Amino acid sequence: MLEKALSGSRRYWAWVAVLLALIAVGFSTYLKQYHEGLGITGMSRDVSWGLYIAQFTFLVGVAASAVMVAIPYYLHNYKKFGKIVILGEFLAVASVVMCVLFIFVDLGQPVRVLNVLLHPTPHSVMFWDMIVLSGYLLLNIIIGWTSLGAERKGFPPPSWVKPLIYIAIPWAVSIHTVTAFLYAGLPGRSHWLTAIMAARFLASAFAAGPALLVILCLLLRRLSTFDAGRESIQALAKIVAYAMSANVFFFLLEVFTAFYSHIPEHMAPIRYLFFGLDGHRGLVGFMWSAAILAFVGIGLLINPSTRKNERVLPFALAAVFIAAWIDKGLGLIVGGFIPNPMGRITEYAPTLPEIWITLGVYSIGLLVLTVLYKVAIAVREEESLAAHG
Amino acid sequence: MSVTRRRFLKLGLTTLAGIGGAMALDGFWRGSAEASEVLTDQKALKAKHWAMVIDSDRLKSAENVQRMIDACHRTHNVPDFGNSKDEIKWMGTETYEHAFPGQENGYLNEGIKEKLFPVLCNHCENPACVRVCPTQATFKRPDGIVAMDYHRCIGCRFCMAACAFGARSFNFRDPRPFIKQVNPDFPTRTKGVVEKCNFCVERLEKGLPPACVEASNGALIFGDLDDPNSEVRQVLATHYSIRRKPELGTEPSVYYLIGGGEEHA
Amino acid sequence: MYKGGRIIAGLLLFACLALMPFLINIGKAAAKPSPQVNTPFIQQLTTQTCVESAAFMKTEHMQLLNQWRDAALRDGKTVYVNSQGQSFPISLENSCLKCHSNPQQFCNTCHTYAAVKPYCWDCHNQGGTRQ
């Protein structure tokens, strides 16, 4: 089936070329980082994780969100999602690929990465994260590819795929729960030491992931013959609206606990993020933008008239997606390190090389996504051709 | 003759299993030289639980503390990058408010408020860094020392996120050009690994006290916390002591004597 | 053959790439390595043997070094008693390099020949400042 990605319009090849160029820039910048060390990034002794790990965290969410399509379709027989379930699975594949790459580019000694397998350590959450992520990648590749292959031949998917589909549902929840446990179990980081972390992660994932999926569907409708169908898009948009509401609600719970209990260590990171601390205001603009975008997005998506307006819909979804990205792909990770365990403040801003490497990884993910979507759509086109004679 | 898919898979799997088995057996057979063994050095200082008491009364000036830091950093080839972003330190200083956050108040006696306290790895009994390390590159030895295996560290920095005391540093760059004078008896580190205080395990093995203790003029007391007759136990039994962030349950092995002015034996 | 020209060109390109290491190194046979063991310290020794037999060291030194590393660093066992009952301090710098004070020559000759790049010297001091 992969050969279907090798023929396409001029526009398709131009897009692939742009991605390849970005990958090349990212890769050459990574070689520089490989030789000089992570000193070329903005990370420091105090803020020892930055853009890479934050992107990893955010993308685990996007990957997990495939269940928001799979659950209605496979468990509740919501047929309208039949067309897009494959897009959800392939989005998960591309996201997990990016997650793995973001971990990899963050390592100080990347050539030793297999030490994680050579010295398996069950008391490390990182060990379990590796297991659930690679398992999830495998599950989605197998499920997506076999279903599509069967569809192409006009058969239902083979019966052995069914159990995998059911396993993939709790597995998706597990990838984001385990990722939350990376943070939520650390004694000295009050911003992360919260039982609701995994729930927050899932809520934000189930908002950002489907929001991206709908945006992709709307794009595909313009660029190809693929039409997800109005009804499934509206259903997904509702999921986004309520997941994002839950996400905002969970965040407000954090705010209440921190500020009503008035425990300094719990207040400080939130204060830093939204108001700045001792004149350090690096993320204040971002966080308020996220807050405004979140409320605007939720408002536009809950209100039926704006949600049904497909001119407004992409903006509402983009607002939610960007808000979730700032919250998780920037604020949560960096905020956890500020102030440091001694109560001192070191700010963080990514450097240009760090941003290029990040764009490079995103480009790899987009390339994987492009190829997989191209195959999926080509198979569908072939089918409809055959059906209509 | 055509190989069916089933047959191909069977053959392939058998071959793989064979290679795997052979490799495993090979590992068993060639583990080590026959009839050799490894022992601990007779000269080595031994303990069940190494601990340190820092008598802040005896640290009269910032120079006293700096001398200890210099001794440590010189001994262990700790580089000086000249900027706080890449900074590596095994021992640092903090004021009371920052070393013991949550225990300060606005009316502290000036002497304590301004004093610089040495801060270092606490060699916790329940180290969060060890719990999170995915490769056991950081691990707790039977004598309580939380050690680093720089050969194994993949540089994921999970331990830095887990440490509640800011005791860990990462080699953001190649440290070698930034070591003023290399101590040939101790290795340097390489870029991309995390490092921290090792309670001078390499000196204890030779029967020597930690470098900072040696340079402290008696302000640092080092010994076995499990031995009721050790000096650390004597001092702790007769003086009021505190530890950093005890509420987190990591059980630091570094104790601080604050105020009182009473000299220990 | 459908698109035959392209296929043949592709195959040739692949063959060139795959054979690149051989093509580049044609006629550049490296001389057989000869690690030198005649350092001043070794010359003064009455019995010039390593911690284990030379044959063992030639084939197993990497396993022995790994064993030493884990014993000293992880288990605090810093004394090695060999198969003859002799003991040696477990230390790359203070045991190995005491005799082999010429690591640049002794280690690198074979490693370069075999295109092996051990990372020992990224951290351990290869000497220079030591006697």
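See the structure shown above.
Rules used throughout
- Residues numbered from 1 in each chain as written.
- Chains lettered and ligands numbered in written order.
- Predicted model: local features only at pLDDT ≥ 70, side-chain atom pairs only at ≥ 80, totals over all residues.
- Heavy atoms only, no water.
- Helix = DSSP H or I, 4+ residues; strand = E, 2+ residues; numbered from the N terminus.
- Rg over C-alpha atoms; globule rule 2.2 N^0.38 Å.
- Contact = heavy atoms within 4.5 Å.
- Areas by Shrake-Rupley, 256 points an atom, 1.4 Å probe, with all protein chains shown as cover.
- Lys, Arg positive; Asp, Glu negative; His and termini not counted.
- Charge placed at Lys NZ, Arg CZ, Asp CG, Glu CD.
- Buried < 20%, exposed > 50% of the residue type's maximum accessible area, 1.4 Å probe, protein only.
- 1 Å grid on protein atoms, 1.4 Å probe; cavity = no way out; pocket = protein on both sides within 12 Å on 5 of 7 lines; lining within 4 Å.
- Points joined across faces, edges and corners; volume = space filled by probe spheres on them.
- Nonpolar A, V, L, I, M, F, W, Y, C, P; charged D, E, K, R; others polar.
- Buried area = accessible area lost by both parts, 1.4 Å probe.
- Salt bridge = Lys/Arg side-chain N within 4 Å of Asp/Glu carboxyl O.
- Polar contact = N/O pair within 3.5 Å; in protein donor to acceptor, adjacent residues only side chain to side chain.
- Pairing = 2+ DSSP bridges.
- Axes fitted to C-alpha atoms, helices over the stretch in contact; angles between N-to-C directions.

A. Up close: the overall build of chain A. Counting secondary structure elements, chain A contains 14 helices and 0 strands. From first element to last, N terminus to C terminus, chain A shows the α and β order α-α-α-α-α-α-α-α-α-α-α-α-α-α. Here chain A has a C-alpha radius of gyration of 21 Å; the compact-globule value for 389 residues is 21 Å, and the two agree. With respect to the principal axes defined by its C-alpha atoms, chain A has extents near 70 × 50 × 40 Å. For chain A, the share of sequence-separated contacts (at least 6 apart) that also reach a separation of at least 24 residues comes to 77%. Total accessible area on chain A stands at roughly 16200 Å², and carbon and sulfur atoms take up 72% of it. Measuring between centres, the 27 positive side-chain charges of chain A sit 6 Å from its 19 negative side-chain charges.

B. Geometry of the overall build of chain C. Counting its regular elements, chain C contains 6 helices and 2 strands. Going from N to C terminus, chain C has its helices and strands arranged as α-α-α-β-β-α-α-α. In terms of overall size, chain C is more extended than a compact globule, its C-alpha atoms giving a radius of gyration of 22 Å where 131 residues would be expected to give roughly 14 Å. C-alpha extents for chain C along the principal axes are approximately 70 × 35 × 30 Å. In chain C, which comprises 131 residues, the share counted as buried stands at 27%. As displayed, chain C has an accessible area near 9000 Å², and 64% of this comes from carbon and sulfur atoms. Charge separation in chain C, taken as the distance between the mean sites of 11 positive and 6 negative side-chain charges, equals 14 Å.

C. Just empty space enclosed by the protein, in detail. All names here are of chain B. All told, the structure shown has 11 cavities of 30 Å³ or more when counted by the stated rule. Space inside the largest cavity adds up to approximately 130 Å³. What lines the largest cavity is a set of 17 residues, and nearest its centre among them are Cys124, Ala128, Cys129, Cys163 and Phe165. Looking at the lining of the largest cavity, its residues break down into 12 nonpolar, 3 polar and 2 charged.

D. Main features of unusual backbone geometry. Between isoleucine 338 of chain A and the following residue, proline 339 of chain A, the backbone shows a cis peptide bond with an omega angle of -5°. For proline 339 of chain A, the location among the structural elements is in the loop between helix H13 (313-336) and helix H14 (352-387). We note that aspartate 278 of chain A has phi near 45°; this positive angle belongs to a residue other than glycine. Along the chain, aspartate 278 of chain A turns up in the loop between helix H10 (264-275) and helix H11 (284-302). Backbone geometry places alanine 115 of chain C, a non-glycine residue, at a positive phi of 55°. The topology assignment puts alanine 115 of chain C in the loop between helix H5 (103-113) and helix H6 (120-123).

E. Structural context of the interface of chain B and chain A. Chain B puts 48 residues into the contact, and the matching count from chain A is 40 residues. Counting each side, the surface lost to burial between chain B and chain A is near 3700 Å², with a carbon and sulfur contribution of 53%. Where chain B packs against chain A, one counts 2 salt bridges. Arginine 344 of chain A is the salt-bridge partner of glutamate 94 of chain B, the closest N and O atoms lying 2.8 Å from each other. Taken together, the connections running from chain B to chain A amount to 33 residue pairs in polar contact (both at pLDDT 80 or more). Of the residues that constitute the side of chain B that touches chain A, the class distribution is 22 nonpolar, 12 polar and 14 charged.

F. Representation of the side chain of arginine 243 of chain B within the structure. Residue and element names in this part refer to chain B. The topology assignment puts arginine 243 in the loop between strand S10 (241-242) and strand S11 (254-257). The class for arginine 243 is buried, based on a relative accessible area of 17%. Among the polar contacts listed, one links the side chain of arginine 243 to the side chain of glutamate 251, at a separation of 3.1 Å. Among the polar contacts made by the side chain of arginine 243, one reaches the main-chain carbonyl oxygen of proline 252 at a distance of 2.8 Å. The residues touching arginine 243, leaving out its near neighbours within four places in the chain, are Phe100, Gln103, Glu251, Pro252, Val254 and Tyr255.

G. Representation of the pattern of salt bridges within the structure. Considering all chains together, one arrives at 25 salt bridges over all chains under this definition. Here aspartate 143 of chain B ties to arginine 141 of chain B by a salt bridge, and the two come within 2.9 Å at their closest N and O atoms. Summarising the burial analysis for this pair, aspartate 143 of chain B and arginine 141 of chain B share the class buried. Salt-bridge contacts for glutamate 195 of chain B lead to arginine 189 of chain B; the nearest nitrogen and oxygen are separated by 2.9 Å. Each of the two residues, glutamate 195 of chain B as well as arginine 189 of chain B, counts as buried. Put simply, Glu3, Lys4, Arg152 and Glu382 of chain A are held in one network by salt bridges that share partners.

H. Broad picture of the sheet that holds strand S2 (residues 50-55) of chain B. Residue and element names in this part refer to chain B. Pairing is mixed across the open sheet formed by 4 strands, whose spatial order is S9-S2-S11-S10. The open sheet has two edge strands with one neighbour each: strand S9 (220-224) and S10. In terms of strand pairing, S10 meets S11 through 2 bridges, oriented antiparallel. The residue of S11 that forms the bridge with serine 241 is leucine 257. Along the sheet face, helix H9 (residues 231-238) touches S2, S9, S10 and S11 and points at about 115° away from the line of S9.

I. Quick look at the interface of chain C and chain B. Between chain C and chain B, the contact holds 30 residues from the first and 32 residues from the second. Between chain C and chain B the total buried area reaches about 2700 Å² when both faces are included, carbon and sulfur atoms providing 50% of it. Interface area lost by chain C to chain B is led by Leu73, Arg74 and Cys123 of chain C, which between them contribute 24%. At the boundary of chain C with chain B, the tally comes to 1 salt bridge. Note that arginine 74 of chain C and aspartate 149 of chain B form a salt bridge whose closest N and O atoms lie 3.0 Å from each other. Across the chain C-chain B interface, the total number found is 13 residue pairs in polar contact (both at pLDDT 80 or more). Of all the secondary-structure elements, those providing two or more residues to the side of chain C that touches chain B are helix H3 (54-75), strand S1 (79-81), helix H4 (92-99) and H6 of chain C. Class assignment of the residues belonging to the side of chain C that touches chain B gives a composition of 11 nonpolar, 10 polar and 9 charged. Pairing between strand S1 (residues 37-39) of chain B and S1 of chain C: 3 bridges, direction antiparallel. Pairing of valine 38 of chain B across the sheet is with tyrosine 80 of chain C, part of S1 of chain C.

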